[in-house]
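What follows is each chain in one-letter form.
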Amino acid sequence: MAEELNSVILQELRRLANAIERLAGPAPGVNDWDAADCFVWSPARTHLQPVARPNRVALKLIRGVDHVRDILHENTVRFAEGFAANNVLLWGARGMGKSSLVKAVHEDVRRQSGVSLKLVEVHREDIASLPTLLDILKVVPHRVIVFCDDLSFDHDDTAYKSLKAALDGGIEGRPDNVLFYATSNRRHLLPRHMMENEQSTAINPSEAVEEKVSLSDRFGLWLGFHKCSQEDYLTMIDGYAEYFKLTQDREKMHAEALEWATTRGARSGRVAWQYIQDLAGRMRVALVRD
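Residues numbered from 1 in each chain as written. Predicted model: local features only at pLDDT ≥ 70, side-chain atom pairs only at ≥ 80, totals over all residues. Heavy atoms only, no water.

Engineer: Would you explain the packing of helix α9 (residues 250-264) against helix α10 (residues 269-283) in this entry?
Structural biologist: In helix packing, the relevant descriptors are the interaxial angle and the interaxial distance, both defined with respect to the helix axes. Contact geometry of α9 with α10 gives a least axis separation of 10 Å together with a crossing angle of 125°. In terms of orientation, α9 and α10 fall into the oblique class. The crossing of α9 and α10 is right-handed. Residues Met 253, Glu 256, Ala 257, Trp 260, Ala 261 and Arg 264 of α9 form the contact with α10, whose own contacting residues are Val 271, Gln 274, Tyr 275, Asp 278, Leu 279 and Arg 282. (Axes fitted to C-alpha atoms, helices over the stretch in contact; angles between N-to-C directions. Helix = DSSP H or I, 4+ residues; strand = E, 2+ residues; numbered from the N terminus. Parallel < 35°, antiparallel > 145°, perpendicular 65-115°, else oblique. Left-handed = near helix turned anticlockwise from the far one by under 90°. Contact = heavy atoms within 4.5 Å.)

Written as structure tokens, this is what we have:
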């Protein structure tokens, strides 16, 4: 009888322990900075998930944005070398390589400089957890670019306040070893109709909008991306074809690429890449990146 009672008590204790673990959430992850050069922030476990094979293209394949490419590259080099550099907002036309440029520049600078430069991606929905992430990053012996892709804020979204404090505010300020890069289709990170609504309903219209607009001001560099010309688009096509050794008649390839862009209603780096994937598939050529 005593053994039976002890067994029941033990089972109940195990059930209770499991319930407490579930309430406590997942155990914090162990961050291994040597596991990769790129990471994804997982706030639920306060863990930086290593990305073994980042989705990126070589810097030389990003065409039509030479001016902003050079500015971003120089800013990143200065940061990697330990000198002053600015947070960067890359904004503008869809599909013109904003996020691709960030990843490509990071890899190029890391290889050239030999500095332990890490790239940490923060998902848009995890912006509010930035203070926790910065507490982890400020003590690591690496220089870190925190990257948020497709950043924007909707009505009644207060997560932008965490980003404002992380960028330039707060008594502690941004750690010296951390820099922020973000991409967005909007220069001011919120849609125009939201700004107009704020102005029309506020007692002081200018003050109502200023707090949200000031978020963009905390990025020292604004790099604009505009829709590409037909010449730039075909230059992208030629660059991809040469890199992946797609031996196709140039005039035929250009005609197909222009028709491909017409069916999608736009010319951009993304559309060029989609055409190249289609061409390579038809030619049965594997697209192997460096």
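There's plenty left to go through after this.
Engineer: When you look at the nonpolar core in this model, what are you seeing that I'm missing?
Structural biologist: Note that soluble globular proteins tend to have their nonpolar side chains buried in a common cluster. By size, the foremost hydrophobic cluster in this structure holds 51 residues, and its most contacted members are Leu 72, Leu 101 and Tyr 233. Summarising the domain contributions, this core has at least three residues from each of domain 1 (36-223) and domain 2 (228-281). Those residues in contact with Leu 101 that lie beyond four places of it in its chain are Leu 59, Ile 62, Val 68, Arg 69, Leu 72, Leu 90 and Phe 225. By size, the runner-up hydrophobic cluster in this structure holds 27 residues, among which are Ala 36, Leu 134, Cys 148 and Phe 180. (Core = buried A, V, L, I, M, F, W, Y, C linked by side-chain atoms within 4.5 Å. Buried < 20%, exposed > 50% of the residue type's maximum accessible area, 1.4 Å probe, protein only. Domains from an automatic or database assignment.)

Engineer: Sorry if this is basic, but what is going on with unusual backbone geometry here?
Structural biologist: Glycine aside, residues mostly have negative phi angles, and peptide bonds mostly take the trans form. Positive phi is not limited to glycine here, since Lys 245 has a value of about 55°. Within the secondary structure layout, Lys 245 lies in the loop between α8 (230-243) and α9. In this model, Arg 284 sits at a positive phi of 60°, which is unusual for a non-glycine residue. For Arg 284, the position within the fold is in the segment after α10. A relative accessible area of 71% places Arg 284 in the exposed class.

None of the figures reported here should be taken as evidence of function without further support.
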